[in-house]
Amino acid sequence: MSKKTMTLTDNRNGNTYELPILDGTVGPSVVDISTFYKETGMFTFDRGYTSTASCRSEITYIDGDKGQLMYRGYDISYLANEKTFLDTAYLLLNKELPTAEELENFSEEMKKRSFIHEGMKKLFDSFPDRAHPMAILSAGVSALSTFYFDHLDIDTPQEYTEMANRIIAKIPTLAAFSYRYSNGLPIIYPDIKKGFTENFLYMMRSYPHNYVDLRPIEIKALDTIFTLHADHEQNASTTSVRNVGSTHAHPYAAISAGISALWGRAHGGANESVIRQLEMIGTVDRVDEFIARAKDKDDSFRLMGFGHRVYKSFDPRAKALKAIRNDLVEELGINSELIEVANKIEQIALNDDYFISRNLYPNIDFYSGLILQSLIIPKVMFAVIFVIGRTPGWIAQWIELQEQDVIKIARPRQLYVGTQDRTPEY
Ligand code: CMC
């Protein structure tokens, strides 16, 4: 069978180059330019990698035009509606959904490993009050490498599994402790009778002698948020994890880098901005004014939680969360001005030609912000919640990278536009 190629002509000299075309199982084909520099003496230029596939992957597939997201071939709505976050984490790591027994064992592993070394409390103690939980979490994950150094150099599937279980199980504890310490609150240890998601909410909201009782709908809502964030292909934080992983740095360093990348407001901070904006709008009677501002070409104001770079028909994650938001508000009897403001904005945007013609639908951050607010999670923890959800995805991507035959260190080139050959002055 003849290989598919693309012919490229250099109009400066008429030279032609045959570039191989590679097909995936679904989605756009790619032009293989790995020998491009060797053959042409030129680099390619793609700021922000908008046209660049940086790896082969079997983990996650996104079709932005169709509004489709799949983990290991399973549609996200199936996973969000029918499965738990631990099912999804297991799927990402092991390529298959767990049987009932495998899920039970995985869940027990998570409980058993959810405690952190007592020595780490000194680390938490050393941060000042009001330190941002994302900073503490990132430092905490990096510090895991000083307590669990048997995982600094690993290369067998058993070692990968042990490392994955350890990090995924400890992240919620580190996350809850980050919040409690930054607010001077007593820490609540994990309760091994509770499931993964319930345990995190319990550690966030309880006080000694006042252990909170959580409603199943609250646990389901947060569990679904974790599931919907579990992976999203080669986004900025995942690319950071892979870049660090490509240097053979240990997984704690790679995950810590992922957390740092996620912290930026262009990545993990959007749902916090949604709530801040709704609070700024404040009352239902001010909504029209802000809708008008969002539509005004001369105003830089944008409606937070609307639109998406990749999803151009709808965000499938938002669809899954919308129903849960409705159930939660109804069951908890939430009746706040903020919810009313959000409802009015949503209704206008879904029916207004400005938003419809530009495919500006509510995205995942619109609903996750509202849900987290209803779960009494402080805004400063929203990005931390994203980290808990995304950790299995980062680890699955790290493992996939390590299991490749050849690991190429990530090392892009540049278009140099600085000065040259300057004469030193003596
Ligand atoms: N409010 C009002 N107008 C908007 C908005 C918005 N939120 N988003 C885009 N537009 C308009 C924009 O002004 C432009 O109009 P025109 O064609 O008249 O010039 C048109 O829609 C296309 O905008 P764009 O900036 O080219 O679209 P993009 O695909 O590059 O941007 C986006 C995507 C998410 C950055 C943008 O929609 C936005 O800023 N949204 C608000 C922030 C937000 O909710 N971010 C979270 C995204 S989900 C993150 C995740 O997946 O984790």
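Reading the values: rules and limits
- Residues numbered from 1 in each chain as written.
- Predicted model: local features only at pLDDT ≥ 70, side-chain atom pairs only at ≥ 80, totals over all residues.
- Heavy atoms only, no water.
- Pairing = 2+ DSSP bridges.
- Helix = DSSP H or I, 4+ residues; strand = E, 2+ residues; numbered from the N terminus.
- Core = buried A, V, L, I, M, F, W, Y, C linked by side-chain atoms within 4.5 Å.
- Buried < 20%, exposed > 50% of the residue type's maximum accessible area, 1.4 Å probe, protein only.
- Contact = heavy atoms within 4.5 Å.
- Near = heavy atom within 4 Å.
- Polar contact = N/O pair within 3.5 Å; in protein donor to acceptor, adjacent residues only side chain to side chain.
- Areas by Shrake-Rupley, 256 points an atom, 1.4 Å probe, with all protein chains shown as cover.
- Nonpolar A, V, L, I, M, F, W, Y, C, P; charged D, E, K, R; others polar.
- Salt bridge = Lys/Arg side-chain N within 4 Å of Asp/Glu carboxyl O.

**Digging into the sheet that holds strand β1 (residues 5–9)**
Next, step 1: One open sheet holds the three strands; their spatial order is β1-β2-β3, and the pairing between them is antiparallel. Of all strands in the sheet, those bounded by a partner on one side alone are β1 and β3 (30–31).

**Observations concerning the nonpolar core**
Next, step 1: Among the nonpolar cores identified, the biggest contains 111 residues, and Phe 200, Leu 278, Ile 345 and Ile 395 are the most heavily contacted of them.
Next, step 2: It is helix α7 (residues 157–182) that provides the largest number of residues to this core, a total of 13 residues.
Next, step 3: With sequence-adjacent residues up to four places away left out, Ile 395 is seen in contact with Leu 93, Met 163, Ala 164, Ile 167, Ile 168 and Ile 255.

**Here we look at the pairing of β1**
Next, step 1: One ladder, built from five bridges, connects β1 with strand β2 (residues 16–22); its direction is antiparallel. Considered in β2, the bridge of Thr 5 is made with Pro 20.
Next, step 2: Counting the residues that bridge the hairpin from β1 to β2 gives six residues, and of these Gly 14 lies at a positive phi of roughly 80 degrees.

**Examining the site of the ligand**
Next, step 1: What surrounds the ligand is a group of 18 residues, the closest being Lys 297, Leu 303, Gly 305, His 308 and Lys 312.
Next, step 2: The separation between an oxygen atom of the ligand and a polar side-chain atom of Arg 358 is 3.0 Å.
Next, step 3: Look at the ligand: alone it shows 950 Å² of surface, and the protein chains cover 70% of it.
Next, step 4: Residues of the shell around the ligand, tallied by class, amount to seven nonpolar, four polar and seven charged.

**With respect to unusual backbone geometry**
Next, step 1: Notably, Asn 359 is not glycine yet its phi reads approximately 55 degrees, a positive angle.
Next, step 2: As for its placement among the helices and strands, Asn 359 is situated in the loop between α16 (353–357) and α17 (364–374).
Next, step 3: The exposure class assigned to Asn 359 is partly exposed, which follows from its relative accessible area of 28%.
Next, step 4: Phi at Ile 376 is positive, roughly 60 degrees, even though this residue is not glycine.
Next, step 5: As for its position among the elements, Ile 376 is in the loop between α17 and α18 (382–402).
Next, step 6: On the basis of relative accessibility, which here comes to 58%, the residue Ile 376 falls in the exposed class.

**With respect to the pattern of salt bridges**
Next, step 1: Within this structure, the stated rule accounts for 21 salt bridges.
Next, step 2: Residue Lys 112 is joined to Glu 109 by a salt bridge in which the shortest nitrogen-to-oxygen separation is 3.1 Å. Of the two residues, Lys 112 and Glu 109 both sit in helix α4 (residues 100–112), three residues apart, roughly one turn of that helix.

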